[in-house]
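# Descriptive structure summary
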Amino acid sequence: MIKISQVNVYGFDSRGHIAIFEGCDIEVDTYPYYDKATSSIKFDEMVSFIEKLNKHDVVLLHPCCHNPTGMDLTQEQWDKVLDVIKQRELIPFMDIAYQGFGEDMDSDAYAIRKAVDMDLPLFVSNSFSKNLSLYGERVGGLSMVCPTADEVERVFGQLNFMVRRIYTSPPSHGGRVVDIVMNDEQLHQQWIGEVYGMRDRIKAMRIKLKSVLEAKLPERNFDYITRQNGMFSFTGLTPEQVERLQSEFGIYMISNSRMCVAGLNVNNVDYVANAIAEVLKD
């Protein structure tokens, strides 16, 4: 039985990962990642945990725009994590669902490309649900990088076996849309520009949210809001404060304080920021 080491966070996607693996009778464990007290990554604890894993354990990682915390590793931290993975002969599983929403298409894929350069065997799952607005079609892919041609042949045989059992032939509409966009230079560049437009809008909302909160609560530090990347943010609110936002202000987020920053816009960001400041005062 393979042991999957899973991010120790409580967002919806992480519970989804756990459910998928446990549904396949795979043993699941967690590693330290997010420190609620400091709104930062427990990097040293994370590395220490990974250093104790057994050969061929699989480590699930988000290359960019970590869901749900929004807190990403730096390139230097990725280098350290991947060095440990290589030394321990572990297998990284890179799940990248928000490429382009962090820094840019290339920077967001740094961890994946670094792992390939290090000749690591790895899984990569990617999604176009968000960055190509194909959520309903659930378009993405699963790639496996193998160190030898013999392993490629055996892994490909297993993939064909699983595909045959699960769905045989997937819906083609979403995949064809992606194929057209990726293989037409003009459409491809237009798509990248639109993704970056969304990235910049989300970053602008983070800056605005932070500025209003700082003005309302100057004694508190809200730097973590703009250090985070991607669509989601751990706001640091308690479940009770989240409940107040819902009951008193009609603002909804997950009870663990995860907020979808993409839901903010120029018309509602001030209202949301003021409401958050109000519940934080008590």
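Note: the structure precedes this text.
Summary of the structure given here.

### Considering unusual backbone geometry
A cis amide bond, omega 20°, links asparagine 67 with the succeeding residue proline 68. Of note, proline 68 is situated in the loop between strand E5 (58-61) and helix H3 (75-88). The phi dihedral of aspartate 119 is positive, around 60°, even though this residue is not glycine. The exposure class assigned to aspartate 119 is exposed, which follows from its relative accessible area of 61%. Backbone geometry places serine 133, a non-glycine residue, at a positive phi of 55°. Here serine 133 shows up in the loop between strand E7 (122-127) and strand E8 (140-145).

### Examining the packing of aromatic side chains
Under the criterion given, the structure shown has eight aromatic pairs. The interplanar angle of 45° and the centroid separation of 6.4 Å between the aromatic rings of tyrosine 31 and phenylalanine 49 together place this pair among those described as tilted. A residue pair is termed long-range when its members are at least 10 positions apart, and tyrosine 31 in strand E2 (residues 27-31) and phenylalanine 49 in helix H2 (residues 43-51) qualify at 18 residues. Geometrically, the ring pair formed by tyrosine 98 and phenylalanine 232 is edge-to-face, given 6.0 Å between the ring centres and 80° between the ring planes. With tyrosine 98 in the loop between strand E6 (91-96) and helix H4 (105-108) and phenylalanine 232 in strand E9 (residues 232-234), the pair connects residues that are 134 residues apart, well separated along the chain. Here the two residues tyrosine 98 and phenylalanine 232 agree in accessibility, since each one is buried. Three or more aromatic residues joined by ring pairs make a cluster, and in this case those are Phe21, Phe93 and Phe123. Here arginine 199 stacks its cationic end above the ring of tyrosine 196, 4.2 Å away from the centre of that ring.

### Quick look at the nonpolar core
Ile50, Met94 and Leu209 are the most contacted members of the largest nonpolar core, which has 71 residues in total. Non-local contacts of isoleucine 50, meaning those with residues more than four positions away in its chain, are made with Val59, Val81, Val84, Ile85, Arg88 and Leu90. Counting residues in each nonpolar core, the second largest holds five residues, with Val58, Leu60, Ile91 and Phe93 among its members.

### Quick look at the packing of helix H8 (residues 185-216) against helix H11 (residues 269-281)
Closest axis-to-axis distance for the H8/H11 pair is 9 Å, and the angle between their directions is 40°. In terms of orientation, H8 and H11 fall into the oblique class. You can see that H8 and H11 cross each other, and the crossing is right-handed. Every residue of H11 that contacts H8 at Met205, Lys208, Leu209, Val212, Leu213 and Lys216 is listed here: Val269, Asp270, Ala273, Asn274, Ile276 and Ala277. Of the residues in the contact of H8 with H11, the class split is eight nonpolar, one polar and three charged.

### Looking at the side chain of aspartate 95
In this fold, aspartate 95 is placed in strand E6. One buried charged residue, aspartate 95, forms no salt bridge at all, with the nearest opposite charge on lysine 130 at 8.1 Å. Side chain to side chain, aspartate 95 and histidine 17 meet in a polar contact 2.7 Å long. Among the polar contacts listed, one links the side chain of aspartate 95 to the side chain of serine 125, at a separation of 2.9 Å. Discounting chain neighbours no more than four positions away, the residues touching aspartate 95 are His17, Leu60, Leu61, His62, Pro63 and Ser125.

### Notes on the environment of threonine 30
Structurally, threonine 30 can be placed in strand E2. What makes threonine 30 partly exposed here is its relative accessible area of 33%. In this structure, the C-alpha to C-alpha distance between threonine 30 and glutamate 151, residues 121 residues apart in sequence, is 28 Å.

### As for the layout of surface pockets
Taken as a whole, the second largest pocket holds about 320 Å³ of empty space. Contributing to the lining of the second largest pocket are 19 residues, with Asp72, Leu73, Thr74, Gln75 and Asn229 lying nearest its centre. Of all the secondary structure elements, the ones that give two or more residues to the lining of the second largest pocket are H3, H4 and helix H5 (110-117). Considering each element in turn, the lining of the second largest pocket owes the most residues, three residues, to H3. Split into classes, the residues belonging to the lining of the second largest pocket amount to nine nonpolar, six polar and four charged.

### A closer look at the pairing of E7
Here four bridges tie E6 to E7, and the two strands are oriented parallel to one another. By the bridge assignment, aspartate 95 is partnered in E7 with serine 125.

### Considerations on the environment of histidine 66
With respect to the helices and strands, histidine 66 occurs in the loop between E5 and H3. Classification of histidine 66 by relative accessible area gives buried; the value is 1%. Here the alpha-carbon distance between histidine 66 and alanine 97, two residues 31 residues apart in the chain, equals 9.2 Å. Side chain to side chain, histidine 66 and threonine 69 meet in a polar contact 2.9 Å long.

Conventions and cut-offs
- Residues numbered from 1 in each chain as written.
- Predicted model: local features only at pLDDT ≥ 70, side-chain atom pairs only at ≥ 80, totals over all residues.
- Heavy atoms only, no water.
- Helix = DSSP H or I, 4+ residues; strand = E, 2+ residues; numbered from the N terminus.
- Buried < 20%, exposed > 50% of the residue type's maximum accessible area, 1.4 Å probe, protein only.
- Phe/Tyr/Trp six-rings, centres within 6.5 Å; stacked < 30°, edge-to-face > 60°.
- Lys NZ or Arg CZ within 6 Å of the ring centre and 35° of its normal.
- Core = buried A, V, L, I, M, F, W, Y, C linked by side-chain atoms within 4.5 Å.
- Contact = heavy atoms within 4.5 Å.
- Axes fitted to C-alpha atoms, helices over the stretch in contact; angles between N-to-C directions.
- Parallel < 35°, antiparallel > 145°, perpendicular 65-115°, else oblique.
- Left-handed = near helix turned anticlockwise from the far one by under 90°.
- Nonpolar A, V, L, I, M, F, W, Y, C, P; charged D, E, K, R; others polar.
- Lys, Arg positive; Asp, Glu negative; His and termini not counted.
- Salt bridge = Lys/Arg side-chain N within 4 Å of Asp/Glu carboxyl O.
- Polar contact = N/O pair within 3.5 Å; in protein donor to acceptor, adjacent residues only side chain to side chain.
- 1 Å grid on protein atoms, 1.4 Å probe; cavity = no way out; pocket = protein on both sides within 12 Å on 5 of 7 lines; lining within 4 Å.
- Points joined across faces, edges and corners; volume = space filled by probe spheres on them.
- Pairing = 2+ DSSP bridges.

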